Every structure is written in C-alpha cells, then in structure tokens.
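What follows is each chain in one-letter form.
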Amino acid sequence: MEMLSISDLNPRRAVSDAHIANLADSIERFGLIHNLAGLMDEDGKVGIVAGGCRLRAIKVIAERSKDHPFATVPVKLAADAAEAEDWASAENAAREDMTPADEIRAFGRMKSRGATAPEIALAFAVTEARVYQRLALAGLPAPVLDALADGEISLGTAKAFTLSDDEALTLSILDQVKGQAISESAIKNALHPDAIRASDRRARFVGVDAYEAEGGAVTRDLFSEEVFLASPALLDQLFAEKLDTACADLIEAQGWAWAETRSEAWLNYYDLDQMKLARIYPIEGELTEAEAEEYDELAELANGGVLDEAGEARLSTLQAILDGDYSTDQRAHAGCIILVNGSGKLEVTAGLVRPEDKKAAVEAGVLQAPQTSKTDTPKSPYSQKLITDMQAIRLASVQAALLAKPELVLDLLGFGLSDVSGSFESVFGIRLDRPTNAPSVEDGFSREPRLDHGMDVSESWQQGTRVENLSAAFVTFRESGKKTRNAKITEAITRTLPYQAGDPAFFNLIADEAGADIRKHWTPTAENFFARVSATYLIDLMCEFLDCDSRDDRVAGFAKLKKAEKAEKMEMLVSDPTTQKLMGLTPEQKAKLDKWVPGCF
C-alpha cells in the first residue's frame, strides 16, 4: 500500500473527511467491492486514477488497526497515460448518485433482510440519520415511490404522504397532485381534512398529553415536529370543560360576582357595548420613594436589554404594585369574561358591571354615576401643531406641482402684480420669501430639492454672499437660454407661494389645476401622524379603511392594542403589502388607502 498514491490525473481532488470515514466503515464491514485503477511509473509506484476515495478509506482503516486485511490492494493497471486518463474521466463522468427513490427502495430491501440502520449506513457509506429518513418513506405505497422516481412528485410531497394510513385516499390524492406545484401543507390538509394541528390554540390550552389520555388519536409527522389531532369533537369537549373549570375557579378564588366564558379567541368590544356593560378599573398602587428609584433603575436596564432574570422578576413585582388590584367591594359588584387567546393562554377581561348591577355599584361607590350632560361640539382629533404640519405638507405638494406648470406660474405672477387682483391680495411674496413648506416631523416626508434653493436675505448677510461682477454674471445667465431662465423664474416664484394664497377657494383652484398630490410627497407613518391623534380616532379610521364598523373582528382586535401599537399597526396597513393582505384589503380599498389624506385642511 506504500507504493500507492493519488494520481494527478484523478479529477476528484476535494473530498470531505466525513465521507472518507463513512466509506472506511463500509469497506471494513463489507470488503472492497470495486478494485482500484492506476498507472505505474518508472519507479514501480502506482498513481490511482480511479478509486481515490477508496484508497483514502483503506489508509484510514490501516491507521486504525494493524490487523487490517489490506496488506495488498488489487489495482487494475493502465497500459499508458492516455488510457489511464480515459479511465479516470470515464469513471467520474459515469458516477451518478442514487436518486431518493432508489435509496428508499434499496434501504428498505436491506432492512427486510434483517439489516439494522447502522449496518445499512455502513453499506452505503451514508449517515444513520439519512438511513432513518429514507426508511421512514420505505412503507409508502409503490405508486408513490414510482411517482417520486419519475419526477412527478417531489421528495417533500412524498414525505407528506407518510401521514396517511389510508392507501386508497393516498392514491386518490396522488393522482391529483402528480406534476402539480402543490404545497406539502395542502397535501397534509387533504390527507387529514378534519385534523387539528397541535399549534391550534385549543390544543395548546388542553395539552396534547391530556387529549391523548382521554383517548384522542394523533398523527405525528415523521419529518417535522408537527402533530395532528384527529378527534376534533373530543378536543372541543375538553376545551369547553377546561374553560368552564377555569371560570369556576376564577369566581371562587377571586370573589367576582359573576364570570362567563367565550369560545372566540378575542373579545368583541362591540358586544360589550350591546350588553350595556360598564367598566371599573383596579385601584392603582403607590411605590415608596425607594421603590420608585429602584423601578426607574430596573426600567432603564430593561430598555437597554441588559436586565437579568432576577431583575425582570423584581420589575414585574413593582409593576404589579403600580397596576394595582380590584378591591373586595369592586369584585362583589362586577364580573369578568374569560377566553383563550390565539396563543392558547387564558385571557380575562375583568371589572365589568351588568346593567342590573349598576345602581348598586354606584351606591357602593365602586362605579361613578353616568354623566348626563354632553358637549355638542366633538373635540377635534387634530392638534394645532399637527394641522400646521399638514398645511406645510400640502403647500409643498402644490409648489412641487407648479414646477411643472411654468405657464400657470407666469399667469399667476402677472395676475398678482396687476390691479386686476385688487390692492390687498398677493399671489406670491414678491420679496422671494420662503413660507414654511416642511413639517416639524419629517418622517415620511419627501422633500422636492428644487424648493430648497431660495435665497434667505438674513443668511446672505451672515455668510457675506456677493457676486463680484454682476455684468459678467448676467451675460453668462442670458447665454444659458430662455429654458433655463424660465425654469429659474418658475422655481423662484413657486417657492414664494404662501399657504391659502388669496383665499381658500382660490388656493384650491391653484392646487387642482396644478394637479397637486400630497401623497406623492408624504406617507402617513406612526411618527408623523398616527401617534399624534387619539386612539378613538384611529379606531374610526381603521373602520374607514376597511369599510366596516366596530363589530368587525379585525377592528375589535385592533381596539385592544395599546396606543403605540395602534399607531404602528396603522403604519403597516398603509405601507406593508403583507399586513394589507392579512387584513383582507380589497384592491379598491388599497387604491383608496394609497390616496387618503387627513381631513384637517
């Protein structure tokens, strides 16, 4: 074996150590099935041109044990270098890995003859994990493996069929999916149309072990951690029973006057309105001065992502004190609704007072008497600062549109400079002023660069800007042509347009004729708009975007979010196609959303 080496003619140069180790195990167990081929040089040494991996594996065996059977290695010798090169090319060109279908059947035949998975792995020089994966498919009906071999289905599709014990159903679905781009998930659903995934909130709440203990059937995916519960009626029964038990425990342990369960995954707040339920809230707690300092320190660490487990527990304890709790009197006059949310966790909405209990709750001092007077004028959802910002954005959009309408600008200029427009109105600020056309919050605002070049007199004095040779500068300017001149006039005059030039109706005429589009320069985001209006306004806006009312499940779920979460959700609805799809926006609603602007102008 010392006379053998890998020839430069051998094309397989890069081989993994793991492959060589597996091949060594196989040769040691079953012997050398195929001889090596090589070319002898003038010194009597042989360079292996075909079988380089086998030679490497034999050397590994020799290093393991002195009693190895390869004192001599059979090698077929080529007559010359040309023949050796032909052999090397032919073997490696002809080598083709076994297809998955071939492996499945080959491994299955060995297992049927009594071979273990480790022995099969040795025989084929593959990992045991690969053997187990292929053997899991060996029990599939022959037509499934035939379809896999013929390329009519993918290996993933074949794996999906391992979930079925019904051969007739398997073959029926196989006929439908051959040659089709059908997802594995769709096939699994077709094989078990009534099955419920273990990730379902009901299954999480009940627990798969508890479900199986009651005789529930399950199917486990051999190639993933997916578990399917095949007895939905039993799961629903166990779900209802456990939820009822939790409801009874809630009344007994916490002393609520009443409690009821809901089968849905969220609470529709419109239903609460319909039930005319009043709401009371926990009595907030107070921290001592030392606890307040500790809370601030822990909160700062938490915000920085460096709070340890003990700190998180302490912060939760302090937060619970701040959040407070319901008093005994409050619980005696109120109740709660309990449900299981989408994560399979119990969710309790407490402090609800029924209509028939309101009078007693008011007399007990746990509920405020309803206010009889209401203001006739609703409070505007827009702050003055937000209105100012939105006006600046609209002005920028009108100015930007005028840049493409030089004739309109010149007509407006002539009109504004003549006595036809009257003595007190001005269309443009002839002093080339620069009215505010940028909001204080510039997130989502796209600035038109040509509107940024206006000369500010105060800046000119401070910076000492001066043209030394006005005559030469004027000659150069005139040589640039009328197109450049008109563009400069258009830009300069456009920059001076103030908000609501003339009067609102006249300004609207300018905006319409110019084709101004606010959304071309501004996209509503959480930072620039949604976080700056009330939560009630956001809920109404969601109803407007979805063309529905507050009874819609999507709006009910949105209403439960915190204010900041509502703002982020609205931003995603405006700009994120995935969110739009999940929220069920129609093409018409999407088109309306793309053009929407707030009504604060």
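Now for a quick tour of the structure.

Criteria and thresholds
- Residues numbered from 1 in each chain as written.
- Predicted model: local features only at pLDDT ≥ 70, side-chain atom pairs only at ≥ 80, totals over all residues.
- Heavy atoms only, no water.
- Helix = DSSP H or I, 4+ residues; strand = E, 2+ residues; numbered from the N terminus.
- Expected span 1.5 Å × (residues − 1).
- Buried < 20%, exposed > 50% of the residue type's maximum accessible area, 1.4 Å probe, protein only.
- Arc of directions from axis to C-beta.
- Phe/Tyr/Trp six-rings, centres within 6.5 Å; stacked < 30°, edge-to-face > 60°.
- Lys NZ or Arg CZ within 6 Å of the ring centre and 35° of its normal.
- Core = buried A, V, L, I, M, F, W, Y, C linked by side-chain atoms within 4.5 Å.

Further remarks concern helix H27 (residues 563-575). If you check H27, its first and last C-alpha atoms are 19 Å apart, about what 13 residues at 1.5 Å a residue would give, namely 18 Å. Listing the buried residues of H27 in full gives Lys566, Ala567, Met570, Leu573 and Val574. Projected onto a plane normal to the axis of H27, the buried residues spread over an arc of 120° and lie on a single side.

Counted by the stated rule, this structure contains nine aromatic pairs. Taken together, a centroid distance of 5.6 Å and an interplanar angle of 75° make the contact between phenylalanine 205 and phenylalanine 239 edge-to-face. Pair noted here: phenylalanine 205 is in helix H11 (residues 201-206) and phenylalanine 239 is in helix H13 (residues 232-254), with a separation of 34 residues, a long-range link. Judged by its relative accessible area of 8%, phenylalanine 205 is buried. With a centroid separation of 5.5 Å and 85° between ring planes, the pair formed by phenylalanine 529 and phenylalanine 530 is classed as edge-to-face. In this structure, phenylalanine 529 and phenylalanine 530 share a single accessibility class: buried. Joined through ring pairs, the aromatic side chains of Tyr382, Trp522, Phe529, Phe530, Tyr537, Phe545 and Trp596 make up one cluster. The cationic tip of lysine 242 hangs over the ring face of phenylalanine 205; the distance from NZ or CZ to the ring centre is 4.8 Å. A cation over an aromatic ring shows up here: arginine 354 above the ring of tryptophan 258, its NZ or CZ 3.9 Å from the ring centre.

To continue, consider the nonpolar core. Counting residues in hydrophobic clusters, the biggest one holds 32 residues, and the most contacted among them are Tyr382, Phe529, Phe530, Tyr537, Met542 and Met570. Among the elements of the structure, helix H19 (384-402), helix H25 (535-546), helix H26 (553-559) and H27 are those that each provide at least two residues to this core. Broken down by element, the residue count for this core peaks at seven residues, all from H25. Residues Leu234, Cys247, Ala259 and Ile280 belong to the second largest nonpolar core, which totals 29 residues.

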